[in-house]
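# Close look at the chain arrangement
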Amino acid sequence: MALAVRTPRFQPLPASISATSSTASASVAAVAARRCAGAAVRASAASPFTEATSASRYRRDAWSYAADGSPPSSSFDAAAEAAAAAAASGRRDDEIALQLPELRRLLDAMRASRGKGAEGEDGGAGPGRVALVGTGPGDPDLLTLKALKAIQSADLVLYDRLVSNDVMDLVGDGARLLYVGKTAGYHSRTQEEIHELLLSFAEAGANVVRLKGGDPLVFGRGGEEMDFLQQQGIRVEVIPGITSASGIAAELGIPLTHRGVATSVRFLTGHSRNGGTDPLYVAGNAADPDTTLVVYMGLSTLPSLAPKLMKHGLPPDTPAVAIERGTTPQQRTVFSVLKDLVDEVKSANLVSPTLIIIGKVVALSPFWVESSEQDALIENSFATEAR
């Protein structure tokens, strides 16, 4: 199927399921006509997220490279440029070494400020707090009001790669920002180092916000951070975000569950535990035709995942869609049946982050175009339930 650049917001489904294919054909044809000329340009647009060596990242984090303690200039200073070069070549320790002096100065300043503001002879102001905040799949309009209030009142923000630049623009002017993102082949901070940063600044009395793409407790390692901090006596608040499965499915008009079509939904990580080409876990119950399967971070393991799902009994003609950079202006989508999905994704040259949705509900999207056999598939599901 043809690659589609981001379409307008979700359009209502037709009342009749039997009309799905013709309506979807019209929708996709109209979109293709409007978007064809600009598709190549949009596909190569800059990432909406914070990449390891992006200019936006170093503008935000420039304070942490100001070796002489002076305010950073509007352009990158020599230290920030050196850090960018270190990140580009994968020299994580070099970059951390450049940041350490300024991080220590900030930590000392926060400790001193807390001491001056303490009540009572022996102090007692107590530690600060940590908020684990989900920012959704990328569209800033999907940010919750509670999340917005938290990031606008933060003293220090530790943010991940998949927090969009548009969301980062909403952080309060007084906050210090520190990138702790991970991408394949480059972890700016280990998980243990992130734990220690959160703990150190919270103990110094700071209001720390940990920004994560999607939801902190859905493949976001938020549970690990929450558990570590609570064991150290730090107060932790979790502010949920719209997880990518919900946000992106809504964008495309795909109901994750649907009466007579899908009775459950399953979230699966496509990552391998050791970074290999096989997904972490695929079993027979992941290939239930009546379950919608949503695969997070599954781009690299898709060539292994798709055959395994079919081997476990998922029909080769099961509708599927892969969505790159979902809900952002750079969103690209590839609709396909399962047996062709790997080839279609490879042909479209999709990049991370890409979410994959597999199941009969994909054919309910107004942007799905496939043979009349798929209409029959959905209709038969309704007929079976009616009987």
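Sequence order as written defines residue numbering, which begins from 1 separately in each chain. Two thresholds apply to this predicted model, a pLDDT of at least 70 for residue-level local features and 80 or more for giving and counting side-chain atom pairs, whereas whole-chain, interface and lining totals are computed over all residues. Just so you know, side-chain values use all the structure's heavy atoms and leave hydrogens and water out.

An unreviewed UniProt entry annotates the chain as uroporphyrinogen-III C-methyltransferase of Eragrostis curvula. In the Sequence similarities (unreviewed entry) part of its UniProt record, the chain is described as follows: "Belongs to the precorrin methyltransferase family." UniProt positions are given in the numbering used here, feature names are shortened, and annotations may be inferred rather than shown by experiment.

## Section: the overall build of the chain
Strands are runs of DSSP state E lasting at least 2 residues, helices are runs of H or I lasting at least 4, and numbering of each runs from the N terminus. Along the chain, the regular secondary structure elements total twelve helices and 13 strands. Each residue gets one of three labels from its accessible area relative to the maximum for its type: buried under 20%, exposed over 50%, partly exposed in between, using a 1.4 Å probe on protein chains only. Expressed as a percentage of its 387 residues, the buried residues of the chain come to 48%. Taking the contacts inside the chain whose residues are at least 6 apart along the sequence as the reference set, 73% of them involve residues at least 24 apart. On the chain, roughly 17300 Å² of surface is accessible, and the fraction owed to carbon and sulfur atoms is 53%. Note on definitions: a residue-residue contact is assigned when non-hydrogen atoms from the two residues lie within 4.5 Å. Note on areas: these come from Shrake-Rupley sampling with a 1.4 Å probe, and a residue is covered only by the protein chains present in the view.

## A word on the nonpolar core
In this description, a nonpolar core means a group of buried Ala, Val, Leu, Ile, Met, Phe, Trp, Tyr and Cys residues linked to one another through side-chain atoms lying within 4.5 Å. Judged by nonpolar contacts, the single largest core of 24 residues is most densely connected at Val 130, Leu 158, Leu 197, Leu 198, Phe 201, Val 208 and Leu 229. Sorting the residues of this core by element identifies helix H4 (92-116), strand S2 (129-134), strand S3 (156-159), helix H7 (191-203) and helix H8 (222-231) as the ones contributing at least two each. The dominant element in this core, judged by the number of residues it contributes, is H7, at six residues. One finds Ile 254, Val 294, Leu 355 and Leu 364 within the second-largest nonpolar core, a separate group that totals 22 residues.

## Re the packing of aromatic side chains
Think of it this way: a Phe, Tyr or Trp ring, Trp meaning its six-membered ring, pairs with another when their centres are within 6.5 Å, and the plane angle makes it stacked under 30 degrees, edge-to-face over 60, tilted otherwise. The final tally for this structure, using the stated rule, is five aromatic pairs. With 6.0 Å between their ring centres and 40° between their planes, Tyr 58 and Tyr 65 make a pair best called tilted. An identical accessibility class is assigned to Tyr 58 and Tyr 65; each is buried. For the ring pair Phe 335 and Trp 368, a centre distance of 6.1 Å and an interplane angle of 70° mean the geometry is edge-to-face. Highlighted residues: Phe 335 in strand S12 (residues 332-337) and Trp 368 in the loop between strand S13 (354-358) and helix H12 (372-386), separated in sequence by 33 residues.

## Description of the sheet that holds strand S11 (residues 319-324)
Whether two strands pair depends on DSSP finding at least two bridges between them. Taken in spatial order, the six strands line up as S1-S12-S11-S13-S10-S9 in an open sheet, and their pairing is mixed. Strands at the two margins of the open sheet, each flanked by one partner only, are strand S1 (3-5) and strand S9 (264-269). Between one strand and the next, the sheet's axes are offset by a mean angle of 20°, whatever the strand orientation. Two elements, S1 and S12, share three bridges in a ladder whose sense is antiparallel. By the bridge assignment for S12, Ala 4 is matched with Thr 333. Helix axes are fitted to C-alpha atoms over the stretch in contact, other axes to C-alpha atoms as well, and angles between N-to-C directions run from 0 to 180 degrees. Helix H9 (residues 244-252) contacts S9, strand S10 (291-296), S11, S12 and S13 of the sheet and is inclined by roughly 70° relative to S13.

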